[in-house]
Amino acid sequence: MERPLKMDNSCTSKKTKTKRETWSKPWDFVISSAGMCIGLGNIWRFPYLCFKYGGGAFLIPYILAVVVLAIPLTILEVSLGQSVQKGVIASWATIPIFKGISLASGVLMFHSNMSYPVILAWVFKYFVSSFTQNLPWMSCNNEWNTEHCIELFYGGNGTAIKTLNNFNEIMPNTTNRSCATVSMSAAEEFWNYGILGVSRGLHDIGGLQGDLALYLAVIWILGYLAIFQGIKLSAKVVYVTATLPVVLIIIVTIRGATLEGASLGIDYYLRPELSKLQNPEVWIGATSQVFYSYALCGAGLITLGSYNKYNQNFIRDSILIAFFNGFASFLCGFAVFSTLGSMAYFQNLTIQEVAQSGPGLVFIAYPQALALLPLPQFWNIIFFLTLLLLGFDSQFVYMESFCALFMDINPRLRKCHKYSRQLFLAICCVGFCLLGMIFMTKGGVYVFEMFNMYGKAGWCLFFIAACEFIAIGWVYGADCHWKEINRMIGPRKIQPIVTVVWKYVGPILCLAMSIYYVTAHSPLSYGSYVYPVWAQVVCHLISTSSGIWIPLYVLYLLVTTKKPWSKLRRMETSNKRENLSDSFKEEKLEMM
């Protein structure tokens, strides 16, 4: 029998054996994984996609995608990391012809670490602004406001609207934005001009916004402090950052549901418009949101699973993670739509008219509604603190996964020096912070949307998922993988169902959605701005930057091994992971 794969953990010629960190308690994995999955995608991205695709109609494909694709793929990724007890590179190296998946996952993590903290920087500015006596998104007396700004407040019988007629006398320096032809609420203007400083398009990137750049730097400093001591510290941090937001969400949801007119939004949210299901983009959008929210096809789940003890019941954990994440999304949608219903009621508008779909939905509608309550500063502080904590635990897990990938490639990064790991993490955090500055410009939101829709989502995600299903279901063999699972946790009744998904349902659905996304998906737009053709090409290049590594690595093996496809396949299928499991039998006995 071949010896297990070994990695050189030494800095010098003297070899030292390094044991991989493991979670202190089994629940550390569940809480950390739930913290990674339950993030801004639940309270920020889920509601605006639900709003875009017809409210309740969106929930049907969303739930189906969770059951049919998300849970089986979560089981696949966690079981792979747990069985190999190493990161994403070593895990996919057990199926050499698909080792390119690990490189593709690394690129996805790269895109996430570039763009995800940007949202946190926006949230941070809202959070700081919530401590002011006069909330800036409720007033038209700010330097960024235009002559078309309106203030909303609840009067005795509804909403009164106040227009600033003397705007040019108060703020003569803002005439560059006076070209608007329709009124805009103070909350919308704060988002567009006070936060984003939004320009006319990609051709007008504009200068760096100093306050946002500072907030982004603070986010990265806090992220570094959370992970620089390893998973032992981050596991303790995530118990706070993953559980406290759920309590805060429940509080905000209860408050939103008690608002007058909330039933209008709840009805829109829960009552499906079945005709919407005839649109393939509803199904694509729902599945894309599931993959985004569950952090599938990235390095996260495999990395976190690799810290599990060899016999941890990951199938139970995967189902729990799916339940927690789905419940959080549903709860967040309930909170947002109940608030939209209240706004529609007081303004005598429909749900579709009260807010525009897009990334700014939560940043416009919700702060505006909360500002109209008694003690508006308190409710806004609670809401944006919730957003910060939700996004923060996701971010430092993304960063931990990305750095673990490189440390598994070169273990000397962990042990060459007492502080080599901390130094490497610092370099990565500084690098990503500098790269993120492009999103802090006045045209940064247009660049952000490109990464948001194509870097961490889109056809590349479905393509990588299809490759993962094929790699385990067919090339490595679903039966062989289940033998390893049985050695870890024993036989499971769910095996036949999951096997069918791994071999047939998953690959077919993911490839079909990937093809549709490339050939028939609507061009990217932000509000009324439609991205030019060259930008659409760049979007697809961003997606290609991750998925391309899978066929490139296959080509690399064909060239370097100089063997035909049939022999290459036999070469990798003969090197089964049973060889690796022998090296963990003694460790397994110690843990039991």
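This text goes with the structure placed above it.
The structure contained in this document is the topic of the report that follows. Model, not experiment: these values are computed from the prediction.

### Overview of the pattern of salt bridges
Here comes step 1: A complete count under the given rule lists six salt bridges for this structure.
Here comes step 2: A salt bridge links Lys25 to Asp28, with the nearest nitrogen and oxygen atoms 3.9 Å apart.
Here comes step 3: By relative accessible area, Asp28 is classed as buried at 2%.
Here comes step 4: Across the pair Arg200 and Asp204 runs a salt bridge whose closest N-O atoms are separated by 3.7 Å.
Here comes step 5: The class for Asp204 is partly exposed, based on a relative accessible area of 25%.

### Some words on helix H19 (residues 444-455)
Here comes step 1: Most of H19 is tucked away, with twelve of its twelve residues classed as buried.
Here comes step 2: By the burial criterion, the buried members of H19 are Gly444, Val445, Tyr446, Val447, Phe448, Glu449, Met450, Phe451, Asn452, Met453, Tyr454 and Gly455.

### Details of the state of the cysteines
Here a disulfide denotes a covalent bond joining the sulfur atom of one cysteine to the sulfur atom of another.
Here comes step 1: This structure, assessed with the given rule, holds one disulfide.
Here comes step 2: The residue that forms a disulfide with Cys140 is Cys149, at a sulfur-sulfur distance of 1.9 Å. Disulfide Cys140 to Cys149: torsion about the S-S bond roughly -75°, handedness left-handed.
Here comes step 3: In this structure Cys140 comes out as buried when scored by relative accessible area, which is 0%.
Here comes step 4: We classify Cys149 as buried; its relative accessible area is 0%.
Here comes step 5: We note that Cys403 lacks a disulfide partner, and the nearest cysteine sulfur, in Cys428, lies 3.8 Å from it.

### Side note on the nonpolar core
Here comes step 1: Grouped together as the largest cluster of nonpolar side chains are 198 residues, with contacts concentrated most on Trp92, Trp122, Phe291, Phe363 and Trp502.
Here comes step 2: Excluding anything up to four places from it in sequence, Trp502 contacts Pro72, Ile75, Leu76, Phe469, Ile472, Gly473, Ala478, His481, Trp482, Ile485 and Pro507.

### Looking at helix H2 (residues 40-52)
Here comes step 1: For H2, built from 13 residues, the straight-helix expectation of 18 Å at 1.5 Å per residue is met to within 8% by its first-to-last C-alpha distance of 17 Å.
Here comes step 2: At Phe46, H2 is bent by approximately 35°, the largest bend along its length, and proline Pro47 sits one to four residues beyond.
Here comes step 3: Most of H2 sits out of view: twelve of its 13 residues are buried.
Here comes step 4: For H2, the complete set of buried residues consists of Leu40, Gly41, Asn42, Ile43, Trp44, Arg45, Phe46, Pro47, Tyr48, Leu49, Cys50 and Phe51.

### A short note on the packing of aromatic side chains
Here comes step 1: Enumeration over the complete set of coordinates arrives at 46 aromatic pairs.
Here comes step 2: For the ring pair Tyr126 and Phe190, a centre distance of 5.1 Å and an interplane angle of 80° mean the geometry is edge-to-face. With Tyr126 in helix H5 (residues 100-129) and Phe190 in helix H7 (residues 186-195), this residue pair connects regions lying 64 residues apart in the sequence.
Here comes step 3: On the basis of relative accessible area, Phe190 is assigned to the buried category, the value being 1%.
Here comes step 4: Ring centres of Tyr269 and Phe337 lie 5.0 Å apart, and the angle between their planes is 10°; this geometry places the pair in the stacked category. Taken together, the positions of Tyr269 in helix H10 (residues 262-270) and Phe337 in helix H13 (residues 314-347) put the pair 68 residues apart, joining distant regions of the chain. This pair shows no difference in class: Tyr269 is buried, exactly as Phe337 is.
Here comes step 5: In textbook terms, an aromatic cluster arises when at least three aromatic residues are bridged by ring pairs, as seen for Trp122, Tyr126, Trp137, Trp144, Phe190, Trp191, Phe363, Phe383, Phe384, Phe439, Phe448 and Phe451.
Here comes step 6: The aromatic ring of Trp474 is capped on one face by Lys503, whose charged end is 4.5 Å from the ring centroid.

### Brief notes about the side chain of Lys125
Here comes step 1: Mapped onto the fold, Lys125 is located in helix H5.
Here comes step 2: When its relative accessible area of 11% is taken as the criterion, Lys125 is described as buried.
Here comes step 3: Leaving out residues up to four positions away in the same chain, Lys125 has contacts with Gly194, Ile195, Asp211, Leu212 and Tyr215.

### What to know about unusual backbone geometry
Here comes step 1: At Ala295, a position not held by glycine, the phi torsion is positive, near 55°.
Here comes step 2: As for its placement among the helices and strands, Ala295 is situated in the loop between helix H11 (280-293) and helix H12 (300-306).
Here comes step 3: Note on Ala295: relative accessible area 7%, which makes it buried.
Here comes step 4: Located in the positive-phi region is Leu375, a residue other than glycine, with phi close to 55°.

### Quick look at the environment of Glu281
Here comes step 1: On the secondary structure map, Glu281 appears in helix H11.
Here comes step 2: On the basis of relative accessible area, Glu281 is assigned to the buried category, the value being 10%.

### Things to note about the environment of Val246
Here comes step 1: Mapping Val246 onto the fold places it in helix H9 (residues 231-257).
Here comes step 2: Val246 sits 78 residues away from Phe324 along the chain, and the two C-alpha atoms are 9.9 Å apart.

### Considerations on the packing of helix H3 (residues 56-84) against helix H20 (residues 459-489)
Here comes step 1: Where H3 contacts H20, the two axes come as close as 10 Å, and the packing angle between them is 60°. One way to sum up the angle between H3 and H20 is to call them oblique. The two elements H3 and H20 meet at a crossing, and its hand is left-handed. Facing Leu69, Leu73, Leu76, Glu77, Ser79, Leu80, Gln82 and Ser83 of H3, the residues of H20 in contact are Ala465, Glu468, Phe469, Ile472, His481, Glu484, Ile485 and Met488.
Here comes step 2: Here the residues of the contact of H3 with H20 are counted per class, giving nine nonpolar, four polar and three charged.

### A word on the packing of H10 against H13
Here comes step 1: As a packed pair, H10 and H13 sit with axes 6 Å apart at the nearest point and diverge in direction by 135°. Relative to H13, the element H10 lies oblique. H10 and H13 meet at a crossing whose hand is right-handed. Together, Ala262, Leu264, Gly265, Ile266, Tyr268, Tyr269 and Leu270 of H10 and Ser329, Phe330, Gly333, Phe334, Phe337, Ser338, Gly341, Ser342 and Tyr345 of H13 make up the contact between the two elements.
Here comes step 2: The residue makeup of the contact of H10 with H13, split by class, is ten nonpolar, six polar and no charged.

So, how was this worked out
- Residues numbered from 1 in each chain as written.
- Predicted model: local features only at pLDDT ≥ 70, side-chain atom pairs only at ≥ 80, totals over all residues.
- Heavy atoms only, no water.
- Salt bridge = Lys/Arg side-chain N within 4 Å of Asp/Glu carboxyl O.
- Buried < 20%, exposed > 50% of the residue type's maximum accessible area, 1.4 Å probe, protein only.
- Helix = DSSP H or I, 4+ residues; strand = E, 2+ residues; numbered from the N terminus.
- Disulfide = S-S within 2.5 Å.
- Core = buried A, V, L, I, M, F, W, Y, C linked by side-chain atoms within 4.5 Å.
- Contact = heavy atoms within 4.5 Å.
- Expected span 1.5 Å × (residues − 1).
- Bend = angle between axes of the 7 residues up to and from the residue.
- Phe/Tyr/Trp six-rings, centres within 6.5 Å; stacked < 30°, edge-to-face > 60°.
- Lys NZ or Arg CZ within 6 Å of the ring centre and 35° of its normal.
- Axes fitted to C-alpha atoms, helices over the stretch in contact; angles between N-to-C directions.
- Parallel < 35°, antiparallel > 145°, perpendicular 65-115°, else oblique.
- Left-handed = near helix turned anticlockwise from the far one by under 90°.
- Nonpolar A, V, L, I, M, F, W, Y, C, P; charged D, E, K, R; others polar.

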